[in-house]
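Notes for the structure review
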Amino acid sequence: MTAVAAAPAAARRRARRPRITLGGAAVTVAGLFLAVTWLIPLLWALSTSFKPEAETTAVPINWLPLEPTFEAYRSVLARGDLLRWTLNSTVVSVLVTALTLAVCTLAAYGFSRTRFPGDRWVFGVLLAGIMVPPQVLIVPLFDQMTAIGLVDTYWGVALPQVAAPVMLFILKRFFDGIPRDYVEAARVDGAGHLRVLWSVMLPMSAPVLAAVGIYTFVQSWNNFLWPFVATTDPALMTVPVGLGTVQSSYGILYAQNMAAALLGALPLIIVFMLFQRQVVRGVTDAGLK
Amino acid sequence: MHDTTGPPRRPGPYPLSRRTLLAGSLAAAGLGLAGCGSVADAASGRRALRQWNLFTGGDGARMVEMHDLYRREHPEIELRPTTYLWGIPYYTKFLMGAAGGRACDIATIHLSRLRGLGIDRLIDPVPTDLLAEYGVTEQTVLPNIWNNCLVDGRLYAIPLDTHLIVTYYNRTICEQAGVLDSDGRLIETTGTEDFTEMLRAVRDVTGQVGVSLDTYGAWNLFWSLYRQAGGDMSFDGGQVTMDDDRALEVLDFLRRLAEEGLAPTDSNGPATAANFTNEVAGLCIQGNWEVATFETAGLDFGMRPLQGIFGEPLTRGDSHAFVLPHRRTPDDAAVRAAVEYAAWMLQHSITWAGGGHVPAYLPVTEDPAYLDLRPQSDYRDAVRDAQFDPDAWFSGSAAPLQNDAASIFSGVFSGATTPEQALARFRQAAQQLVDTPSPV
Amino acid sequence: MTTHAGVTPAAAVPPAAGAARDRSPNRRRTSWAGLWFVLPFAALYALFLLWPMVSGLLTGFTDRSLGRDATSFVGLDNWAELVADPAVWSSLWNTLVFTALSTPPLVAIGLGMALLTDRARRVGWFLRFSFFAPFLIPVAVVALVWEWMYQPGFGLVNSGLTALGLAEVGWLSDADMVLLSVVITTVWWTVGFNYLLYLAALQGIPAHVYEAAALDGAGPWRRLVSITLPLLGRTTALVVMLQLVASLKIFDQVYLMTDGTGGPDYAARPIIQYIFESGFPSMRIGYASAVSYMFFAVIVIVSIAQFRLFVRKEESR
């Protein structure tokens, strides 16, 4: 989590640390208070998930389970569909991320380092796509998907998420910034475009590629509307869609709902823990600051 | 779903049957990503049967019970039921899944919705010979229900039950109110005065209201009483044709009930059931599906068909039915399994009847086990006169007309809207639906 | 992240190395080789963006339906209908109200959180985690948790109100409250992204700026108002802009929290949900396409207005 602190900030921290003032303490307390408040919904969900079903609707409420039990988790895992949806989310997100990186990198290189007739015009058309929110296209896109038979397939869920003009733009701008000399040197050595891309551009672009990859992954993992439209077979649903649509035959069971919700949130929280440095720095690298 | 948690399996070391070959080539064509349709389990030798439904609560539990038995009797079939949220979310998934053409093998719907769901485009016809092979024919279903399953003479739905608006009565309270006969049944009433007189007696015992009603879902009661009064409704020729005087009579009656404190002014579905179990009311007019709730609550109660308040004791009915969603690629074996499943469910609907629904399959309704099921079998004959919703693509359970009506009529109970205003708004809403180009 | 899908680059700053960009016209020879690099992206773009855009425009002039095969041309009927359809305008209004209600707290709270984190360094890791974690949670989880919190009787929020001696609020059942409830949930869920942008910007402010001010005797409040906030101006513009774009596209949390109904009396139904309803449950692909295009026009107008506002602000700086 300390990744955000860049070098100047670190220096600033050293300079400030010795002074513990009243104001500083107040800020710390205020920060802690807000942070705990912000966690209440999740803590409450966590507490609920360990309650027996009958205890969940007790009035007045119990902050902590009186008789903690893993029953809700056991039931959710035994039903198995959450595991299935996690697998689907993984397949779809990996597919989307890999394809987005491949396709956007190639195109970004094409626009940044080569010229072909009409390239500016094509780039303009592709970039204009940023103005088109995918939400606006769901109805015609679904119609088109039924026509070509991609509804209720992984491809149908994944492919429309791949050609992201924003990612193309970010990568192209980064490639533009790589000094020409590096590329020229490689070209003189007789390297082709693919070779230059692979052994010169990509290694230099590792941080921005990581940022684009992580953001694409997170976005695709949490995407709701399109996967919701494109899948009706529960065996193909992603985590958000499955959790949001499929019901228990027994009506609403809050402890199980909360257990499923927390399990459904877990993978990305873990990804965040692993890649927090890149996630946070990605904001800077993607030129978003 | 225990067998589906892996990626689509490749054909295993089984002898190459046509199905495994097909599965293999399809998997290859989709790069193993074609999803797990009915082919996914070909390798395990079990046919997957994907069923969609909108049942939760008591109905859901009963369906699970029936499915457990079905699975024991059909080891060769892997039944995969999915429940979606009742109402618009369910029908949304149904329509989109059927449009995609590979979502599920069999689905439940309300029969009142059949004509609005895309006959032939989204719903395939039921092969009657196949259905007869499994023992379900025109002769085994009441004629009025069977006819509702036909569109242009072809069968598109397999009816599971008929559910009705009924009157529940709390024996303890009604006894004290002096409205039980010597057999412990609610006394017969005819006409509005008779009925309100009874409500007053009951109200005097509970001290709160006489009858518990769903004021946010009043279409059911309105349609029952409007039909009793002899009202008709049609949407032919781009016009809303209805009997304003009779509609006003019914709406004014509902207003008076609430105003006089005989019925609640503000009560949604769960509250309506709770008001009866908590003895806030001694009577309850609601769908028969609440029987399970009241049995669980341990109440001493009876059920009877809705009284004739404006005339003949007619009552609104609707049926849960099975349909075959359209498939993109024909699969005769899957259709056979689906039809067999539906027939099996009909024939075992004695379990289903426990939830208050009257089985559509006549042999079950004649079974002594059903006749002994009380109070569930006490209103079975009302099915013969069940009043289905008016015929239009926007009409039926959870369809726009019903949603609009429910929202408008709730104001009549709360006093926010006069019956005249409610009628005018209903007409306006209905006219807007009529003016909307039909999607089917 | 879904509400932020579409990081608008108009606001993005070229990276430092951008200066090295070679602008000489003959830096590359024109050849068809480059086209091959661009082709995969262009093909997917054409298939899943251009095609639905063109077909959506055409479909908007037909009575195309999910429920039947035959489709016929109906001219401007759909457009005439949508102009007179109160549901179009009320749901568009809901979207705008949502945007107006959610943007200020999303900006202000994000900024406040970043300032607190920047100052309270000892507990920084904990603040960063709890402020940012909700943003990573799938919307279905957010909806499940908050529907549970908003329950009458045994819900956490109403229990708290009752404990304080206040009356219960029908968060999701009261037509006057439901949109506000969605705003509260959305702020909790997505403020983490704005927080992150602000935090990155704050930590990019060089320490010597503060030190100089401290030497001049400026107190902490003074330093905040006259140094920090002005330096964050760019970030605020970016945050507001991203926020507007994301808010206009609201659908997920409303749909899930109201069980697909849009709330009592459709009081929270946003325009995207009306498009969804027209196209899928009502099966009217043609009409829904026309409404989509109308909304698309609104988005384009808002984007252009925003862009011009932003550019003017930049120039006057």
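Chain C appears in an unreviewed UniProt entry as Carbohydrate ABC transporter membrane protein 1 (CUT1 family) from Allonocardiopsis opalescens. Chain C has a UniProt comment under Sequence similarities (unreviewed entry) that states "Belongs to the binding-protein-dependent transport system permease family."

The name given to chain A in an unreviewed UniProt entry is Carbohydrate ABC transporter membrane protein 2 (CUT1 family), with the source organism recorded as Allonocardiopsis opalescens. In the Sequence similarities (unreviewed entry) part of its UniProt record, chain A is described as follows: "Belongs to the binding-protein-dependent transport system permease family." Check the Subcellular location (unreviewed entry) section of the UniProt entry for chain A; it says "Cell membrane".

Check the secondary structure of chain C and you find 13 helices and 0 strands. Along chain C, helices (α) and strands (β) appear in the sequence α-α-α-α-α-α-α-α-α-α-α-α-α when read from the amino end. Within chain C, the fraction of its 317 residues that count as buried is 57%. Residue pairs in contact within chain C that sit at least 24 positions apart in sequence constitute 70% of those at least 6 positions apart.

Two descriptors summarise a pair of aromatic rings, namely the distance from one centre to the other and the angle between the planes of the rings. Taken as a whole, this structure holds 52 aromatic pairs over all chains when the rule is applied. Plain terms: the ring middles of Tyr70(B) and Tyr341(B) are 5.3 Å apart, the flat faces sit at 80° to each other, and that makes the pair edge-to-face. Taken together, the residues Tyr70(B) in helix H2 (residues 57-73) and Tyr341(B) in helix H12 (residues 332-347) connect sequence positions 271 residues apart. Neither Tyr70(B) nor Tyr341(B) differs from the other in exposure class; each is buried. Ring centres of Phe322(B) and Tyr341(B) lie 5.5 Å apart, and the angle between their planes is 75°; this geometry places the pair in the edge-to-face category. With Phe322(B) in strand E15 (residues 320-325) and Tyr341(B) in helix H12, the pair connects residues that are 19 residues apart, well separated along the chain. The class for Phe322(B) is buried, based on a relative accessible area of 1%. Taking the relative accessible area as the measure of exposure, Tyr341(B) reaches 0% and is therefore buried. Here a set of aromatic residues connected by ring pairs shows up, and it is made of Phe142(A), Phe224(A), Phe228(A), Phe251(C), Tyr255(C), Phe276(C) and Phe280(C). Of note, Lys172(A) hangs over the ring of Phe123(A), and the distance from its end group to the ring centre comes to 4.8 Å.

To continue, consider the interface of chain C and chain A. Interface extent is often summarised as the accessible area lost during association of the parts. Across the contact, 116 residues belong to chain C and 114 residues belong to chain A. Summing the contributions of chain C and of chain A, the shared interface buries around 10700 Å²; its carbon and sulfur component is 76%. When the area that chain C buries against chain A is broken down by residue, the three leading residues are Phe37(C), Phe41(C) and Trp148(C), summing to 9%. Inspection of the region where chain C meets chain A yields 1 salt bridge. Asp143(A) serves as the salt-bridge partner of Arg64(C), at 2.6 Å between the closest nitrogen and oxygen. At the surface where chain C touches chain A, the tally comes to 13 residue pairs in polar contact (both at pLDDT 80 or more).

What follows deals with the interface of chain B and chain A. With 32 residues of chain B in contact, the opposing surface of chain A contributes 34 residues. Interface area for chain B against chain A, summed over the two sides, is near 2600 Å², with a carbon-plus-sulfur share of 63%. Here chain B is connected to chain A by 1 salt bridge. We note a salt bridge from Arg50(B) to Asp233(A), for which the minimum N-O separation is 3.3 Å. In this structure, the connection of chain B to chain A is made through 9 residue pairs in polar contact (both at pLDDT 80 or more). Those elements giving two or more residues to the side of chain B that touches chain A turn out to be strand E1 (47-53), H2, strand E2 (77-84) and helix H3 (88-100) of chain B. Residues that form the side of chain B that touches chain A fall into these classes: 16 nonpolar, 12 polar and 4 charged. The pairing of strand E1 (residues 246-247) of chain A with E2(B) spans 2 bridges and is antiparallel. Within E2(B), the position partnered with Gln247(A) by the bridge is Thr83(B).

The rules behind these values
- Residues numbered from 1 in each chain as written.
- Chains lettered and ligands numbered in written order.
- Predicted model: local features only at pLDDT ≥ 70, side-chain atom pairs only at ≥ 80, totals over all residues.
- Heavy atoms only, no water.
- UniProt positions renumbered as here; feature names shortened; annotations may be inferred.
- Helix = DSSP H or I, 4+ residues; strand = E, 2+ residues; numbered from the N terminus.
- Buried < 20%, exposed > 50% of the residue type's maximum accessible area, 1.4 Å probe, protein only.
- Contact = heavy atoms within 4.5 Å.
- Phe/Tyr/Trp six-rings, centres within 6.5 Å; stacked < 30°, edge-to-face > 60°.
- Lys NZ or Arg CZ within 6 Å of the ring centre and 35° of its normal.
- Buried area = accessible area lost by both parts, 1.4 Å probe.
- Salt bridge = Lys/Arg side-chain N within 4 Å of Asp/Glu carboxyl O.
- Polar contact = N/O pair within 3.5 Å; in protein donor to acceptor, adjacent residues only side chain to side chain.
- Nonpolar A, V, L, I, M, F, W, Y, C, P; charged D, E, K, R; others polar.
- Pairing = 2+ DSSP bridges.

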